[in-house]
Amino acid sequence: MTNYERWHIDRPLFHALLALAATSLFVLYSAGGNNLLFALGDALRLAVGFVVMFAAAQVSPETYRKWSVPLFGGGVLALALVLAIGVVRFGARRWIAFGPLSIQPSEFMKLAVPMMLAWYFSRRSLPPRLTQVIIAALIMLIPVLLIAKEPDLGTAVIVLLSGVIVLFLAGMSWRTIAVVVLAAVAAAPVLWAHMHHYQRQRIYILFHPEADPLGAGYHAIQGMIAVGSGGIFGQGWLHSSQANLHFLPDSTTDFAFAVFCQEFGFFGDLALLALYLFIIYRGLRIAFAAQDSYSRLLAASLSVLFFFDVFINMGMVSGILPVVGVPLPILSYGGTSLLIIMADLGILMSIHGHRRLVN
Amino acid sequence: MRKAFLPDAGGERRLFATRVVIMLAVMSSLVAILVGRLVYVEVWRHAHYAALARGNLTRPLPVIPPRGLILDRRGIVLADDFPVYSLTVEPHRVAHMATLLARIKSLIGFNRRDARAFTRRLQASDPYALVAVRRVLSAAEADTIAAHLHELPGVHLTAQLHRNYPLGGLAEDVVGYVAPLTARELARHPRRYAGYADAGQSGVEERYQRVLMGRLGFEDREVDAQGRLMKVLARNPGVRGDNLYLTVSAQMQAVAEEMFKDKRGAAVALDPRTGAVLALVSSPEFDPNPFVTGIGRRRYQALIRDPGAPLDDRVLNGLYPPGSSIKPFYAYAALQTRWFHPSRLVRCRGTWHIPGNDHLFHDWLPWGMGRIGLRRALEESSDVYFYKLAYRLGITRMARYLTDFGFGRPTGIDLPDESAGVVPTPRWIRAHDAPWYAGETVITGIGQGPLLVTPLQLADAFAALAHHGVRMRPYVVRGIQNPRTGRVHFTKPHPYPRVAHHRRASLRLLLADLTRVVSGSLGTAHIMAHRLPYRVAAKTGTAQLWSRPWQGAYKGPRFHSDALIVAAAPVPHPRIVVAVVLEHAGFGARSAIPTEIARALINLDLLGHVHVRHASASRIRYFEQARSRSPGEGAQAGRLLAAARLGKGRRDPVG
């Protein structure tokens, strides 16, 4: 029994994470203006992340299953608390301050909602009936609406997505899926008609950033410039002019991928994407190997959610998706999001490490 | 907690596997889209975005090269560039502006008006731009600020090259001045003036703008998102403008300007052999330096309202009735005819009337001059003689010769905005003064009537008399020097077609007769003759004018006379021609001033000194010997002319 096995660490996943963490250090050192202190902060953050992952890996899936409901309940309560006493930053009430620390409960819901739904479905025979689907949808809509009220539409959509993934993986019937999709398509024009002018404008800008190059479209355009100027081989490490000269806002957080693109180019992107896809592949492998319905659902949905995190960020930076504040997992500088992602991965490792060897 | 009924483990697993596979398909297609997008953005459109990124970080800034120098014929600098320091501040780096201003105020002069101007500029600019606190600092102020710069965060001393006219108003009518570009000029020549701040607005500065301005340089600056300078990537200093050597002598210019002090008038000196302008003075003068930084409205209004009109260039644009100074040209015209003989005596009785008309035309000398020939007519400036001559010549022929001598059209000098003057040619008469009366011909014969000339035209025409009837195009730029190679491209003198010349020696005779104006005891410019070692051909003139009240500002006498003189020396081979006009000269002592100025300019050019007594003995001896070598040139020429006419019909000039 190796040390990895003793501590329930999945070796390929762990190595891929280490590689990502190293990449993050390099990219953020450059994006943060060649600031060693900043890089040290990043290292510390990553270290804390690994500790969280390690801790999460020690807890058995059975425990997670038992704690799903309280965690979810606690999360919803925290969200309600945010709306009541949260700190307003950048025009949104998303944080609860604990002295110098501030946490963002909405991030936590990315983990709590899949756990909650996985727990719900693990107690039912699958595929779920329509009533169960509706109940599950209602459960998941509570935090989604609370988050949307903050307002933090980006996270709300991701949390909704996490719930939908679980519903889909649980085997929601195609007919229901069709009805929901049709309803959404039908509702879209009605929603559009009922929106304020400025909201429509904002949506328009999201898809046509050139219309307002110095305002709403600034992030998108500067991000595209950073990505496009990277070329095939990139400008080289520490040579991202977009970040060094502060043309690119949020270059250490949401747009860290743009810095990566400018410095390492298309081949660098492919390598990074491969690393992420490997992690997702590994997560799905773990899901397949999982021995009970709860672990299976949770592992698969966390992996798929991880994929969507990556995809949404990369898509946003490269200009196929509108700019929503979603950080790139692990690479971007962001406390809560990293901790949640690391906890996700820790749970995946736990599911893998705690499986019974004899079925 | 247990499940309500036994799970169908295999079914659930299959269902899960199907869903995961579907999910994998979705994810793969999304990855394909993402990779496709990255290929498009990073590989296909790379050049576009790379250009955008470069455009993001570099700002090309124009670097204005130094303007070419303007020097006089001996290399005295009339216009140069010198660095002017200005005090600027970066507002975003200043914590407390009022404290800073108080500190600056304690170091340099900074009055309330400066403060107000600064506040206005500060409000108009964005916080990362440099805002000028004081546009122009004196050298001492710049030193003070430089010494205290470390205590003044966000404050910069920036140097700019400004045009400077070290001799102030000296030769300002030739040199002109540079002033900030106007929006209209920029709109008219957007490419030529792109990046430049100012341009020549008059004189040589305007005419030779393209030579003087050089070629614009640039500086590629790397800037950050706020526009702050990070580093200079590339710098092309541009090509500095070519230097101009003028034909003008600063010394002659200074002497003439000094003699004109507080008087209105104009003087121009030419080299008749080339057309080079040796001096060009229009008095009163003005200082061109305030124009460089943009003259204040009040100051400009004062210049505009000044009844002396200092901004006008009288040499090029002053239109004067030439008075008697035009007579040599009529004499020349007459000498080309078959019927005129210079020694034929004409009775001048103080008045004259056109046959068949009893309107009397008066001579300036009420009792007349008796029976005189051309020589005395010129010497004493007989009006009756020239009334008769003009009546005999007729206005058409007079106008033709005047036009041949360059009157009535610009001389083509390389200065902007030259006036043409007025010559009553048949066409002009048809357009402006029909019907034409014989009396107008008569008064045109003594330089009155509609005839208007500029001092430059007068000098240039007289230069033609002094230079074998060949008129040269006047010019003020002697050479253009490339400052890098030092090579000078000299201006080639340009001759105009020779004036019609039908009688041999008529020019020599005329010139010799004109020397009597100075040397003759009754000569109108005889005061000039004192101790002159060389012979001077000259002609004075007095133009009597009525002044129209001009913008209500003119308070002088309504009726006044302008005194003119045009002179060439040394006869028989003149090297300098001078034309001087003094406005409001009146009669008496003041009317002699133009003669004195002419003598000073001629002495300065030929002897090197204003007064003959200061000149070197050898120089004086040289001219005296030259004079004695050709004692009776006029008599000689007269004999030649007479011989040519022997046996031809002799008639009285007036028939």
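Here's what I pulled together on the structure shown here. Here the structure is a predicted model, which means the values were calculated and not measured.

**Side note on the nonpolar core**
Now for step 1: Counting 142 residues, the largest nonpolar core has B:Val204, B:Phe329, B:Leu374, B:Phe386, B:Phe407, B:Val536 and B:Ile602 as the members making the most contacts within it.
Now for step 2: The element that contributes the greatest number of residues to this core is helix α20 (residues 455–466) of chain B, accounting for nine residues.
Now for step 3: Excluding residues that lie within four positions of it along the chain, B:Ile602 makes contacts with B:Met528, B:Tyr534, B:Val536, B:Ala567, B:Ala569, B:Ile576, B:Val578 and B:Leu607.
Now for step 4: A:Val113, A:Leu146, A:Ala258 and A:Phe311 belong to the second-largest nonpolar core, a separate cluster that totals 114 residues.

**As for the interface of chain B and chain A**
Now for step 1: Facing the 38 residues of chain B at the interface are 58 residues of chain A.
Now for step 2: Each partner contributes to the roughly 4300 Å² buried at the junction of chain B and chain A, and carbon and sulfur atoms together form 73% of this total.
Now for step 3: Summed over the three residues of chain B that lose the most area to chain A, namely B:Phe16, B:Arg19 and B:Glu42, the buried surface amounts to 17% of that side.
Now for step 4: The interface formed by chain B and chain A includes one salt bridge.
Now for step 5: When the shortest N-O distance is used, the salt bridge between A:Arg296 and B:Glu12 registers 3.8 Å.
Now for step 6: Inspection of the region where chain B meets chain A yields five residue pairs in polar contact (both at pLDDT 80 or more).

**What to know about the pairing of strand β20 (residues 559–571) of chain B**
All names here are of chain B.
Now for step 1: Burial analysis of β20 places 12 of its 13 residues in the buried class, which makes it a mostly covered element.
Now for step 2: In terms of strand pairing, β20 meets strand β21 (residues 576–582) through seven bridges, oriented antiparallel. Directly across from Ala-568, in β21, lies its bridge partner Val-577.
Now for step 3: In this structure, the hairpin formed by β20 and β21 is closed by a connection of four residues.

**Section: a nonpolar patch on the surface**
Now for step 1: Together, A:Leu130, A:Ile134, A:Leu138, A:Leu141 and A:Leu145 line one region of the surface with nonpolar side chains, adding up to about 470 Å² of accessible area.
Now for step 2: Relative to the helices and strands, A:Leu141 is located in helix α6 (residues 130–149).

**Re helix α16 (residues 383–393) of chain B**
All names here are of chain B.
Now for step 1: In terms of burial, α16 is a largely internal element, nine of the 11 residues being buried.
Now for step 2: Listed in full, the buried residues belonging to α16 are Asp-383, Val-384, Tyr-385, Phe-386, Tyr-387, Lys-388, Leu-389, Ala-390 and Leu-393.
Now for step 3: Structurally, the start of α16 carries an N-cap: the backbone nitrogen of Val-384 is 3.5 Å from a side-chain oxygen of Ser-382.
Now for step 4: Downstream of α16 by a residue or two, Gly-394 has a phi angle that is positive, lying close to 85 degrees.

**Thoughts on the packing of aromatic side chains**
Now for step 1: Tallying each qualifying case throughout the model produces 34 aromatic pairs over all chains.
Now for step 2: Both rings, one in B:Tyr332 and one in B:Tyr401, keep their centres 6.1 Å apart while their planes meet at 70 degrees; by these two values the pair is edge-to-face. Here the residue B:Tyr332 occupies a position in helix α14 (residues 327–335), and B:Tyr401 occupies one in helix α17 (residues 395–404), the gap between them amounting to 69 residues.
Now for step 3: Here a set of aromatic residues connected by ring pairs shows up, and it is made of B:Phe329, B:Tyr332, B:Tyr401, B:Phe405, B:Phe407 and B:Phe462.
Now for step 4: Looking at A:Arg124, its charged tip hangs above the ring of A:Tyr120, at a distance of 4.3 Å from the centre.
Now for step 5: When the ring centre of A:Phe168 is taken as origin, the NZ or CZ atom of B:Arg19, which lies over that ring, is 4.8 Å away.

**Quick notes on the side chain of A:Glu107**
Residues and elements named next belong to chain A.
Now for step 1: Structurally, Glu-107 is set in helix α5 (residues 105–122).
Now for step 2: Given a relative accessible area of 6%, Glu-107 falls into the buried group.
Now for step 3: With sequence-adjacent residues up to four places away left out, Glu-107 is seen in contact with Thr-155, Thr-336, Ser-337 and Ile-340.

**Topic: a positive patch on the surface**
All names here are of chain B.
Now for step 1: Taken together, the side chains of Lys-105, Arg-112, Arg-113, Arg-116, Arg-120, Arg-297 and Arg-298 present a region of like positive charge at the surface.
Now for step 2: Secondary structure elements with two or more residues in the positive patch: α4 (112–124) and α12 (297–305).
Now for step 3: For the positive patch, the element with the highest residue contribution is α4, accounting for four residues.
Now for step 4: Tracing the backbone shows Arg-297 in helix α12.
Now for step 5: By relative accessible area, which is 70% here, Arg-297 ends up exposed.

**Examining the packing of α6(A) against helix α7 (residues 153–170) of chain A**
All names here are of chain A.
Now for step 1: One way to put it is that α6 packs onto α7 with a least axis distance of 8 Å and a crossing angle of 165 degrees. Accordingly, the angle class assigned to the pair α6 and α7 is roughly antiparallel. At the point where α6 passes α7, the crossing takes the right-handed sense. Between α6 and α7, the residues in contact are Val-133, Ala-136, Met-140, Leu-141, Val-144, Ile-147 and Ala-148 and Leu-153, Thr-155, Ala-156, Val-159, Leu-160, Gly-163, Val-164 and Leu-167, respectively.
Now for step 2: For the contact of α6 with α7, the class distribution of residues is 13 nonpolar, two polar and no charged.

Quick notes on the rules
- Residues numbered from 1 in each chain as written.
- Chains lettered and ligands numbered in written order.
- Predicted model: local features only at pLDDT ≥ 70, side-chain atom pairs only at ≥ 80, totals over all residues.
- Heavy atoms only, no water.
- Core = buried A, V, L, I, M, F, W, Y, C linked by side-chain atoms within 4.5 Å.
- Buried < 20%, exposed > 50% of the residue type's maximum accessible area, 1.4 Å probe, protein only.
- Helix = DSSP H or I, 4+ residues; strand = E, 2+ residues; numbered from the N terminus.
- Contact = heavy atoms within 4.5 Å.
- Buried area = accessible area lost by both parts, 1.4 Å probe.
- Salt bridge = Lys/Arg side-chain N within 4 Å of Asp/Glu carboxyl O.
- Polar contact = N/O pair within 3.5 Å; in protein donor to acceptor, adjacent residues only side chain to side chain.
- Pairing = 2+ DSSP bridges.
- Patch = residues over 30% accessible without salt bridge, like charges linked within 9 Å, V, L, I, M, F, W, Y side chains within 5 Å.
- Areas by Shrake-Rupley, 256 points an atom, 1.4 Å probe, with all protein chains shown as cover.
- Phe/Tyr/Trp six-rings, centres within 6.5 Å; stacked < 30°, edge-to-face > 60°.
- Lys NZ or Arg CZ within 6 Å of the ring centre and 35° of its normal.
- Lys, Arg positive; Asp, Glu negative; His and termini not counted.
- Charge placed at Lys NZ, Arg CZ, Asp CG, Glu CD.
- Axes fitted to C-alpha atoms, helices over the stretch in contact; angles between N-to-C directions.
- Parallel < 35°, antiparallel > 145°, perpendicular 65-115°, else oblique.
- Left-handed = near helix turned anticlockwise from the far one by under 90°.
- Nonpolar A, V, L, I, M, F, W, Y, C, P; charged D, E, K, R; others polar.

Bear in mind that shape data such as this cannot, by itself, settle questions of function.
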